[in-house]
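For reference, the chains in residue letters:
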Amino acid sequence: MMKFLAVLALAFVGLLPVSAQARIITDAAGRTVSVPDKINRIVVAGPPAAVLVYVLAPEKLAGWVHAPDDAAKAYLMPSVQALPTVGRLTGKGGTISAQAVMDAKPDIILDAGTVDPTYKALADKVQVETGIPYVLIDGSFARTADTLRDVGALIGVGDRANKLADYADSTVKDLNDKLATLPNDPRPRVYYGRGADGLETGLSGSINLEILDVVGTMNVAAAAGKGGLTKVTPQQVAGWNPDIIIADDEKFAALAKSDPQWAAIKAVKDGKVFVPPSLPFGWFDSPPGVNRLLGVRWLEKLLYPKLFRSNFTDDVKAFYKLFYQVDLTDDQVATLLKGLK
């Protein structure tokens, strides 16, 4: 009896792990959340969180926010290709009900991205409605390595998380070391256009465009103010006269090259309209998650080919092997890199 009481006392003060015991954590919004000691099944609130859970622990992903198409499936592990579509909780495309979340039977709900009062209120609301712990993670690019380590520790895959975080740290350090050797010339001026018409972009501070600052370029739409995504006009873009256009959609790239409204823009005249690879996830954005680590390397090669001279085919294969756990063929790499000169 005395031995039993001693064990119980140790468990109570937290010196002895008890598998059924919950952990108390503080998430990126400052919310105190009680999460299970072991987390085996996760519902993700939006696309960045889906990528994060997939790269860390694909076996814990309860389902996709939206189903990957056949082209994307070829770049994903076979074990996740047929996961159900659960839907998304965040953003304009929110499609999932509280009941659907509960039906998925997750241990936690995870969201990664912008952390502000709107997302905090949503997390509180869904957590009350479902009774399922909802954890908010800061998804800013600058915190990529920390995010990987923090979430890896949260869901019990610390060793794998450290490997991915080390890659993130190395990528950013190599970039910064080489950018520091560049002359102090004006930075390339870039316009990023989303959608078929290319008229949605991000203002200064938008998480969707933050890697432009990371690679030493200027987001021309920052001239329109600070905020998130916004709609602009062809006349505004012409006034900004970017050196480079990055098109989220191939239809926009074709439009920019053929529509008279875009013809006088420097990027169009110089033939510098590029579409970043997007399989299985966008390299630049779409979503703004840990997938952007490879987007940074793509931009390095695009903007500074004399400075970054590694074998990019090998770089791509190594990233996909480490993060997505797939072995790419040469043909698959060629498909991804068809727009890179």
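Residues numbered from 1 in each chain as written. Predicted model: local features only at pLDDT ≥ 70, side-chain atom pairs only at ≥ 80, totals over all residues. Heavy atoms only, no water.

## Here's the deal with the overall build of the protein chain
Part 1 of the reasoning: Along the backbone of the protein chain there are 15 helices and 11 strands.
Part 2 of the reasoning: For 341 residues, the compact-globule estimate of 2.2 N^0.38 gives 20 Å, and the protein chain sits close to it at 22 Å.
Part 3 of the reasoning: C-alpha extents for the protein chain along the principal axes are approximately 85 × 40 × 40 Å.
Part 4 of the reasoning: Buried positions account for 48% of the 341 residues belonging to the protein chain.
Part 5 of the reasoning: Counting only contacts in the protein chain whose residues sit at least 6 apart along the sequence, the fraction spanning at least 24 positions is 63%.
Part 6 of the reasoning: Looking at the protein chain as shown, the accessible area adds up to about 16000 Å², and 56% of this sits on carbon and sulfur atoms. (Helix = DSSP H or I, 4+ residues; strand = E, 2+ residues; numbered from the N terminus. Rg over C-alpha atoms; globule rule 2.2 N^0.38 Å. Buried < 20%, exposed > 50% of the residue type's maximum accessible area, 1.4 Å probe, protein only. Contact = heavy atoms within 4.5 Å. Areas by Shrake-Rupley, 256 points an atom, 1.4 Å probe, with all protein chains shown as cover.)

## So, the sheet that holds strand E11 (residues 273-274)
Part 1 of the reasoning: Pairing within the open sheet is parallel, and its four strands lie in the order E8-E6-E10-E11. Because the sheet does not close on itself, it has two edges, and the strands there are strand E8 (218-219) and E11.
Part 2 of the reasoning: Pairing analysis gives two bridges linking strand E6 (residues 189-193) to E8, with the strands arranged parallel. Among the inter-strand pairings, Val190 is bridged to a residue of E8, identified as Asn219.
Part 3 of the reasoning: Together, E6, strand E10 (244-247) and E11 form the strand contacts of helix H11 (residues 250-258), whose direction differs from that of E10 by roughly 145 degrees. (Pairing = 2+ DSSP bridges. Axes fitted to C-alpha atoms, helices over the stretch in contact; angles between N-to-C directions.)

## Considerations on helix H2 (residues 47-56)
Part 1 of the reasoning: Within H2, 10 of the 10 residues are buried, which leaves it mostly tucked inside the rest of the structure.
Part 2 of the reasoning: Looking only at H2, the buried set comprises Pro47, Pro48, Ala49, Ala50, Val51, Leu52, Val53, Tyr54, Val55 and Leu56.
Part 3 of the reasoning: Contacts from the buried residues of H2 go to strand E3 (42-44), helix H4 (78-81), strand E4 (108-113), helix H7 (144-155), helix H8 (158-179) and helix H14 (312-324).

## Describing the packing of H8 against helix H13 (residues 292-303)
Axis angle and axis distance: for two packed helices, these are the angle between their axes and the distance between the axes, and together they describe the pair.
Part 1 of the reasoning: Contact geometry of H8 with H13 gives a least axis separation of 10 Å together with a crossing angle of 25 degrees. If you check the angle between H8 and H13, you find them roughly parallel. Relative to H13, H8 is oriented so that their crossing is left-handed. Facing Tyr167, Ala168, Thr171 and Leu175 of H8, the residues of H13 in contact are Leu293, Leu294, Val296, Arg297 and Glu300.
Part 2 of the reasoning: Across the contact of H8 with H13, the residue classes break down as six nonpolar, one polar and two charged. (Parallel < 35°, antiparallel > 145°, perpendicular 65-115°, else oblique. Left-handed = near helix turned anticlockwise from the far one by under 90°. Nonpolar A, V, L, I, M, F, W, Y, C, P; charged D, E, K, R; others polar.)

## A look at the pairing of strand E5 (residues 134-138)
Looking down a regular strand, the side chains alternate between one sheet face and the other.
Part 1 of the reasoning: Along E5, four of the five residues are buried, which leaves the element largely enclosed by surrounding structure.
Part 2 of the reasoning: For the crossover from E4 across helix H6 (residues 117-130) to E5, the handedness is right-handed. (Right-handed = clockwise from strand over helix to strand, strands pointing away.)

## Considering the nonpolar core
Part 1 of the reasoning: Among the nonpolar cores identified, the biggest contains 76 residues, and Tyr54, Val55, Leu56, Leu148, Ile155 and Tyr320 are the most heavily contacted of them.
Part 2 of the reasoning: Here this core takes eight residues from H2, the largest share from any one element.
Part 3 of the reasoning: In contact with Val55, other than residues within four places in its own chain, are Leu148, Arg160, Leu164, Val290, Phe323, Tyr324 and Gln325.
Part 4 of the reasoning: Ranked by size, the runner-up nonpolar core spans 17 residues in total, among them Tyr191, Leu199, Val220 and Ala267. (Core = buried A, V, L, I, M, F, W, Y, C linked by side-chain atoms within 4.5 Å.)

## With respect to the pairing of E4
Part 1 of the reasoning: Extensive coverage of E4 is indicated by the burial of six of its six residues.
Part 2 of the reasoning: What you see with E4 is no split at all: Ile108, Leu110 and Ala112 on one side and Ile109, Asp111 and Gly113 on the other are buried throughout.
Part 3 of the reasoning: Direction of pairing for E3 relative to E4: parallel, over a ladder of three bridges. Within E4, the position partnered with Ile42 by the bridge is Ile108.

## Quick notes on the packing of aromatic side chains
Part 1 of the reasoning: Inspection of the entire model under this criterion finds 19 aromatic pairs.
Part 2 of the reasoning: Ring centres of Tyr54 and Trp64 lie 6.1 Å apart, and the angle between their planes is 50 degrees; on these two criteria the pair is classed as tilted. With Tyr54 in helix H2 and Trp64 in the loop between H2 and helix H3 (70-73), this pair connects stretches of sequence that are 10 residues apart. Neither Tyr54 nor Trp64 differs from the other in exposure class; each is buried. (Phe/Tyr/Trp six-rings, centres within 6.5 Å; stacked < 30°, edge-to-face > 60°.)

## Some thoughts on the side chain of Thr130
Part 1 of the reasoning: Mapped onto the secondary structure, Thr130 falls in helix H6.
Part 2 of the reasoning: A residue is classified by how much of its surface remains accessible, and Thr130, at 11% relative accessible area, is buried.
Part 3 of the reasoning: Here the side chain of Thr130 touches Val126 through a polar contact of 2.8 Å, landing on its backbone oxygen.
Part 4 of the reasoning: Sequence-distant contacts of Thr130, defined by excluding residues within four places in its chain, comprise Ala98, Val101, Met102 and Ile109. (Polar contact = N/O pair within 3.5 Å; in protein donor to acceptor, adjacent residues only side chain to side chain.)

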